[in-house]
Amino acid sequence: MSASRMLRWLWLSALVIGLDQASKLGMQDWLLAQPAGRVPVLPGLFEWVLAYNRGAAFSFLGDADGWQRWLFLALAGVVSVVLTLWLARLEAHERRLAAALALVIGGAVGNLIDRVFHGHVIDFIQVYIGTWPFPVFNLADSAISLGAALLVLDSLLAGSSRHSATPER
């Protein structure tokens, strides 16, 4: 299959980017008008809370002097290009892998847009595991996580099908 056919999967990336950016801007405006910038949805389990992340996942390097913005911009750009090139080389039957790559690309670009225009990533989803608050995240982060999980699943299923196709000796 031609590269242009597999690049059609970028519609999924575009959908992730659009939903991510719309949700971030809408939730930011709404939460700024709320007391303390948070709204409990299921107390003790889930709430909307406005947070700005200048770092990477789990606020890694969030307290650095600002250089991390450029590092994460470059990293997200390079990863997005590499994954797009990988996507273009896939075969038609590799749909699960294509969806995984498209989700990661969309999430990476969604957060990259925030860093370019705001200097930080807008997060607004807070989940609690027992009494422990999971780090605040957004739809782009969710797409990256789902894409990564699909990559692992695809790798496991591809590995098991290779092993089952191996003739016994």
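Because the structure is predicted, anything quoted here is derived from the model rather than measured.

Basis of the calculations
Residues numbered from 1 in each chain as written. Predicted model: local features only at pLDDT ≥ 70, side-chain atom pairs only at ≥ 80, totals over all residues. Heavy atoms only, no water. Helix = DSSP H or I, 4+ residues; strand = E, 2+ residues; numbered from the N terminus. Polar contact = N/O pair within 3.5 Å; in protein donor to acceptor, adjacent residues only side chain to side chain. Contact = heavy atoms within 4.5 Å. Pairing = 2+ DSSP bridges. pLDDT = per-residue confidence, 0-100. Salt bridge = Lys/Arg side-chain N within 4 Å of Asp/Glu carboxyl O. Buried < 20%, exposed > 50% of the residue type's maximum accessible area, 1.4 Å probe, protein only.

## Focus: the side chain of Lys24
- Here Lys24 shows up in helix H2 (residues 10-32).
- A polar atom in the side chain of Lys24 sits 2.9 Å from the side chain of Asn111.
- Filtering out sequence-adjacent residues up to four positions away, Lys24 remains in contact with Gly110, Asn111, Asp114, Val121, Ile122, Phe124, Asn138 and Ala140.

## A short note on the pairing of strand S3 (residues 121-129)
- Bridge count between strand S2 (residues 46-53) and S3: six bridges; the pairing is antiparallel. When the bridges of S3 are listed, Ala51 appears paired with Asp123.

## Details of the confidence of the model for the chain
- Per-residue confidence for the chain gives a mean pLDDT of 87; residues scoring 70 or more make up 82%.
- Summarising per-element confidence for the chain, the mean pLDDT is lowest in helix H1 (residues 3-6) (71) and highest in H2 (97).

## Brief notes about the pattern of salt bridges
- The final tally for this structure, using the stated rule, is four salt bridges.
- Across the pair Lys24 and Asp20 runs a salt bridge, and its minimum N-O distance is 2.8 Å. Taken together, the positions of Lys24 and Asp20, both in helix H2 and four residues apart, correspond to about one turn of that helix.
- Exposure remark for Asp20: the relative accessible area of 0% places this residue in the buried category.
- Of the charged contacts in the structure, one is a salt bridge between Asp114 and Lys24, with a shortest N-O distance of 2.9 Å. Separated by 90 residues along the polypeptide, Asp114 in helix H4 (residues 95-118) and Lys24 in helix H2 bring together distant segments of the chain. The same class applies to Asp114 and to Lys24, which are both buried.
- Taken together, the shared-partner salt bridges in this structure form one network comprising Asp20, Lys24 and Asp114.

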